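For reference, the chains in residue letters:
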Amino acid sequence: MCGITACIGTDESVDSLLDGLRRLEYRGYDSAGIAVKNQAGISLTKRVGEVSELVGAVERDPIDGTFGIGHTRWATHGGVTDNNAHPHTDESGRIAVVHNGIITNYQSLRSELESNGHKFESETDTEVVPHLIEENLRDGATPEEAFRAAVGRLNGTYALASIIGDEEAIFATRSGSPLVLGVGEGEYFLASDVPAFIQHTDQVVYLHDGDFIIARPSGYEVTDSGGRPVDRPLKYIEWDPETATKGGYEHFMYKEINEQPGSLRRTIHGRLNALSGGVELEEFPPGTFSDVEQVHIVGMGTSHHAGMFAASLLSERGIPAYAFMSGEYAVIKPPVTENTLVIAVTQSGETADTLDAIRRARAAGARTLALTNVVGSSITRECDDELLIRAGPEIGVAATKTFSSQVTALMLLTERFVEDITGNKSGVARDVMDSLARLPGDVQEVLDTSNAREIAEEYQDSDSYFFIGRGLAHPVALEGALKFKEISYEHAEGFAASELKHGPLALVTPMTPVFAIFTGFEDEATLSNMKEVQARGAPVVAITSDPDGEIAEFADHVLTIPETHPDVAGITANIQLQLVAYHAAKLLDRPIDKPRNLAKCVTVE
Ligand code: GLU
C-alpha cells in the first residue's frame, strides 16, 4: 500500500513530488504529505484525503526547497489524521522521514526514546525513526551513520526515505516494501513504483531488501547494511510515459481492459511456437520440472482465481495440483516435500500474504516459483524461479489484464509441466495452444462487439448479481463476481454451478440476474442449472460461443464469445464479465479506478 516519492537535483522539487504522488494514487491511500529542504530547514505540508487536497494546501500556502520526500499513507498504526500523515519529524524539525510498511518493534523503541526525553507527535509506528536518527546525531554520528544505526534497530517491513540535517542528500533503504531508484541527468528519484518518475527518466535501478541508497545532486550510491557497495544494474524501462497514464480513456480500468489483446500478445510472445504448437519457455528448458510430484498454487483475490483455474487444468491433465488462498496457506500449512512446487501468483509481487506463504513453503523444503507482473519485485527474490506475465503496468485497483495474462502464463507453464512430469513428450495439447495463439484476436473481437453495456443497463436496478460456471468456468464465475462487487459496490456472488441446489438457490428471485458461463465443458449440466434459476423467476445472461443454439434460445440475454477450445474460453468469457462490471459501476458513477477501502498492492497481512 501507500506510495513514497523522493527527488534530488530536480528544478521544481515540490511539483515533482506532488506529480509523483498523483501517479502513485492507484496504490490506495488515505492521506498525503511532502517535506522539502531549503535554507531555513525543512518545510512540510500534509493532509488527510486526496493528493488534490495536499496540492490545494500547497497552493494556498506555498513551500519551496531544493530536494524532498513525499508520501501517500494507508494507515496501519494510528488513525487517519493530519498528524499521523507522513512525513514525520523529530522535535527539532531537522529530520523528516517517510515510511511504507510496519515497524513491529515500535512500541519498545518508543518507550525507550520517551524515557530518553523524546516527545512524540503522532500515533504511528513510523515516528520512532526520525527520533532514533536524532538520538544518534546527538551522540555524534554523521547523518549517514545515524540513518544506518536507526535502521539497524528496526524490525518489520519498511521502505524509508529521509532528509537529515543540512546534508544535501536523500537517505533511503528497503526491507520487505518496494522502492526503486530513477536515474536522470543530474537528477535522482526514489519511489515505490516506476510510474512516479517515468515522465522524468526511463533509467531505473531495482533495489533489493537490505540495500541502502544515498542520492545527492552529484550522484548516488547503493550499499549494503555494512556500507559495502553493491552492484545494482541500471535498467531501461521500455514503457512510454503514456502507458502509465490514461491515454484518452475515462478510466484506467477501461484502458486496461482494452489493452488485453496487446498484453496477451506480450505474455505469449516467444513462448509459443506457432509452427510446432510447442511451448518454449526460455526460463524453463524441457526437463526443468521432471522431479515435481505435486503443485500448490497460492494467491489472493484475482490471483487466487487464476491459481484455481490452473490447478483445475493441471488436475485435468493428471498432475496433482491444489490452489490455496495465500493467507490460509500460511495458517493451515499443507504438507510439502522437496518435490512439491509452490507457485506464488501475485500481480505486484509484493502481496504480504503471498510472501508469507512462500516463506513458509521454502522453510518446509518446497521448491518455489513466482508468477508476477513486476520485474525485480520482492516475490521474485524470495522464489527459486520466476515467470513474468508481462502484462505491463496496471493502475486500476481492480485487476483485469493481469488476470488474463496470469491465466495464459499458467496455461503455458501447464504444458511444460505435462511434458516434464508425465514424461509425455507429445503431451502438449496442440489444439489448446492453437487456441491460445488465436486468443489476442479473439479478445479483440469481444472488445469490438460486446453488448455488455446494454446488459448492465438492463439489470442496473437488481438486488444481487450471481455468476455460475462449471470446471474451469467456476473460477471465472468467482472472478466475474469479485470484479462486479469491488467496483460497483453491488452485492455479487460467484458459485460453482453444481453448488446452486445446495444453498444459493434460496437467494434466487426475479431481482437477481444470473450470469451463466458456458465454455463448452459439460454445458448440458449448466443448462439445467440455468433452467432451475429461471424457474424461480431469475433472468439469465448466458455467456456462450453459440448465439444461435439451445443455450441462447433459453437465455434472456446472451454475451457472445468466439468459438475456441473449452480450456481457453474462460478467458474471453472473463473479458465480457469485466465489461459488464465496468459499465455497471459507471452507470452508478462509482470511483472505478479507486474503489473505497481497497488498495492495489496489499503489502500488509
Ligand atoms: N505504518 C505506517 C503508518 O501507519 C505506514 C503505513 C503505510 O505504509 O502507508 O503510518
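Scope of this entry: the structure provided in the associated data block. (Residues numbered from 1 in each chain as written. Predicted model: local features only at pLDDT ≥ 70, side-chain atom pairs only at ≥ 80, totals over all residues. Heavy atoms only, no water.)

**Some thoughts on the overall build of the protein**
Line of reasoning, step 1. Of regular secondary structure, the protein possesses 18 helices and 26 strands.
Line of reasoning, step 2. Seen through its C-alpha atoms, the protein measures out along the principal axes to roughly 80 × 55 × 45 Å.
Line of reasoning, step 3. Contacts in the protein between residues at least 24 apart in sequence constitute 70% of all its contacts with a sequence separation of at least 6.
Line of reasoning, step 4. As displayed, the protein offers around 22400 Å² of accessible surface, 47% of which is attributable to carbon and sulfur atoms.
Line of reasoning, step 5. With 49 positive and 91 negative side-chain charges, the protein shows a spacing of 2 Å between the two charge centroids. (Helix = DSSP H or I, 4+ residues; strand = E, 2+ residues; numbered from the N terminus. Contact = heavy atoms within 4.5 Å. Areas by Shrake-Rupley, 256 points an atom, 1.4 Å probe, with all protein chains shown as cover. Lys, Arg positive; Asp, Glu negative; His and termini not counted. Charge placed at Lys NZ, Arg CZ, Asp CG, Glu CD.)

**Describing the side chain of Asp-420**
Line of reasoning, step 1. Inspection of the secondary structure puts Asp-420 in helix α12 (residues 401-422).
Line of reasoning, step 2. No salt bridge is formed by the buried Asp-420, whose closest oppositely charged neighbour, Arg-416, lies at an N-O distance of 4.4 Å.
Line of reasoning, step 3. A polar contact is formed between the side chain of Asp-420 and the backbone nitrogen of Phe-289, at a distance of 2.9 Å.
Line of reasoning, step 4. Leave out the neighbours within four places in its chain, and Asp-420 touches Pro-285, Pro-286, Gly-287, Thr-288, Phe-289 and Ser-290. (Buried < 20%, exposed > 50% of the residue type's maximum accessible area, 1.4 Å probe, protein only. Salt bridge = Lys/Arg side-chain N within 4 Å of Asp/Glu carboxyl O. Polar contact = N/O pair within 3.5 Å; in protein donor to acceptor, adjacent residues only side chain to side chain.)

**Here's the deal with the nonpolar core**
Line of reasoning, step 1. Judged by nonpolar contacts, the single largest core of 79 residues is most densely connected at Ile-343, Leu-413 and Phe-515.
Line of reasoning, step 2. Ranked by the residues each element gives to this core, the list is headed by helix α18 (residues 566-587), at 12 residues.
Line of reasoning, step 3. If sequence neighbours within four positions are ignored, Phe-515 has contacts with Ile-455, Tyr-465, Phe-466, Phe-467, Ile-468, Val-541, Ile-543, Leu-559, Leu-577 and Val-580.
Line of reasoning, step 4. Residues Val-14, Leu-24, Ala-196 and Ile-198 belong to the second largest nonpolar core, which totals 28 residues. (Core = buried A, V, L, I, M, F, W, Y, C linked by side-chain atoms within 4.5 Å.)

**Remarks on the site of the ligand**
Line of reasoning, step 1. The local shell around the ligand holds 14 residues, among which Arg-73, Thr-76, His-86, Asn-100 and Gly-101 are the closest.
Line of reasoning, step 2. Interatomic distance of 2.5 Å between a side-chain N/O atom of Arg-73 and an oxygen atom of the ligand.
Line of reasoning, step 3. Relative to its unbound accessible surface of 300 Å², the ligand loses 99% to contact with the protein.
Line of reasoning, step 4. Counting atoms within 2 Å of the grid points, the majority share of the ligand lands in the largest cavity.
Line of reasoning, step 5. Only β4 (67-73) and β6 (95-103) provide two or more residues apiece to the shell around the ligand.
Line of reasoning, step 6. At three residues, the largest contribution of residues to the shell around the ligand is made by β6.
Line of reasoning, step 7. Within the shell around the ligand, the residues separate by chemical class into three nonpolar, nine polar and two charged. (Near = heavy atom within 4 Å. 1 Å grid on protein atoms, 1.4 Å probe; cavity = no way out; pocket = protein on both sides within 12 Å on 5 of 7 lines; lining within 4 Å. Sits in = over half its atoms within 2 Å of the grid points. Nonpolar A, V, L, I, M, F, W, Y, C, P; charged D, E, K, R; others polar.)

**Structural notes on the pairing of β6**
Line of reasoning, step 1. Among the nine residues in β6, eight count as buried, and that is most of the element.
Line of reasoning, step 2. A loop of five residues connects strand β5 (residues 88-89) with β6, the two strands running antiparallel in sequence, and Gly-93 in this loop sits at a positive phi of about 75°.
Line of reasoning, step 3. Sheet analysis places β6 next to strand β7 (residues 156-164), joined by nine bridges and oriented antiparallel. For His-99, the partnering residue across the bridge sits in β7 and is Leu-160. (Pairing = 2+ DSSP bridges.)

**Things to note about the sheet that holds strand β23 (residues 492-496)**
Line of reasoning, step 1. Pairing in this open sheet of five strands is parallel, and the strands run β23-β22-β24-β25-β26 from one edge to the other. The sheet terminates laterally at β23 and β26 (557-560), the two strands that pair on one side only. Each strand axis lies, on average, 20° off the axis of its neighbour in the sheet, ignoring direction.
Line of reasoning, step 2. Summarising the sheet, strand β25 (residues 540-544) and β26 pair through four bridges and their orientation is parallel. Within β26, the position partnered with Ala-542 by the bridge is Val-558. (Axes fitted to C-alpha atoms, helices over the stretch in contact; angles between N-to-C directions.)

**Let's talk about helix α10 (residues 352-363)**
Line of reasoning, step 1. Here α10 spans 17 Å end to end across 12 residues, near enough to the 16 Å set by a 1.5 Å rise per residue.
Line of reasoning, step 2. Among the residues of α10, those classed as buried are Ala-352, Asp-353, Thr-354, Leu-355, Asp-356, Ala-357, Ile-358 and Ala-361.
Line of reasoning, step 3. Residues of α10 that are buried in the fold lie against β17 (294-299), α9 (326-332), β19 (340-346), β20 (367-372) and α11 (378-382).
Line of reasoning, step 4. Downstream of α10 by a residue or two, Gly-365 has a phi angle that is positive, lying close to 100°. (Expected span 1.5 Å × (residues − 1).)

**Description of empty space enclosed by the protein**
Line of reasoning, step 1. This structure, assessed with the given rule, holds four cavities of 30 Å³ or more.
Line of reasoning, step 2. Roughly 130 Å³ of internal volume is contained in the largest cavity.
Line of reasoning, step 3. Contributing to the lining of the largest cavity are 17 residues, with Arg-73, Trp-74, Thr-76, His-99 and Gly-101 lying nearest its centre.
Line of reasoning, step 4. Elements that contribute at least two residues to the lining of the largest cavity include exactly β4 and β6.
Line of reasoning, step 5. It is β6 that contributes the most residues to the lining of the largest cavity, three residues altogether.
Line of reasoning, step 6. Of the residues in the lining of the largest cavity, the class split is five nonpolar, 10 polar and two charged.
Line of reasoning, step 7. Approximately 50 Å³ is the volume found for the second largest cavity. (Points joined across faces, edges and corners; volume = space filled by probe spheres on them.)

**A few points about a negative patch on the surface**
Line of reasoning, step 1. Taken together, the side chains of Asp-11, Glu-12, Asp-15 and Asp-64 make up a negatively charged region of the molecular surface.
Line of reasoning, step 2. Counting through the fold element by element, Glu-12 comes out in the loop between β1 (3-8) and α1 (13-23). (Patch = residues over 30% accessible without salt bridge, like charges linked within 9 Å, V, L, I, M, F, W, Y side chains within 5 Å.)

**Remarks on the pairing of β1**
Line of reasoning, step 1. Here β1 lies mainly inside the structure; six of its six residues are buried.
Line of reasoning, step 2. On β1, burial covers both faces: Gly-3, Thr-5 and Cys-7 on one face and Ile-4, Ala-6 and Ile-8 on the other are all buried.
Line of reasoning, step 3. Here β1 pairs with β4 via six bridges, running antiparallel. Within β4, the residue paired with Ile-4 across the bridge is His-71.

**A few points about the sheet that holds β7**
Line of reasoning, step 1. Reading across the sheet, the six strands line up as β5-β6-β7-β8-β12-β13 and stay open at both edges, with antiparallel pairing between neighbours. The open sheet has two free edges, formed respectively by β5 and β13 (219-223), since each of these has just one partner strand.
Line of reasoning, step 2. Judged from the two bridges that link them, β5 and β6 form a sheet pairing that is antiparallel. Paired with His-88 across the strands is Val-97, a residue of β6.
Line of reasoning, step 3. Sitting on the sheet, helix α4 (residues 128-138) is in contact with β5, β6 and β7, with an inclination near 130° to β6.

**Some remarks on the packing of helix α8 (residues 302-316) against α12**
Line of reasoning, step 1. With their axes 9 Å apart at the nearest point, α8 and α12 run at an angle of 25° to one another. When the interaxial angle is binned, α8 and α12 end up roughly parallel. When you trace α8 past α12, the crossing you get is right-handed. Counting all contacts with α8, which are made through Thr-302, Ser-303, His-305, Ala-306, Gly-307, Phe-309, Ala-310, Leu-313 and Leu-314, the residues of α12 involved are Phe-403, Gln-406, Val-407, Leu-410, Met-411, Thr-414 and Phe-417. (Parallel < 35°, antiparallel > 145°, perpendicular 65-115°, else oblique. Left-handed = near helix turned anticlockwise from the far one by under 90°.)

**A few points about the environment of Gly-3**
Line of reasoning, step 1. Following the sequence through the fold, Gly-3 ends up in strand β1.
Line of reasoning, step 2. Its relative accessible area of 0% is what places Gly-3 among the buried residues.
Line of reasoning, step 3. Between the C-alpha atom of Gly-3 and that of His-77, which follows or precedes it by 74 residues, the distance is 16 Å.

The quantities given are spatial measurements derived from coordinates; they are silent on function.
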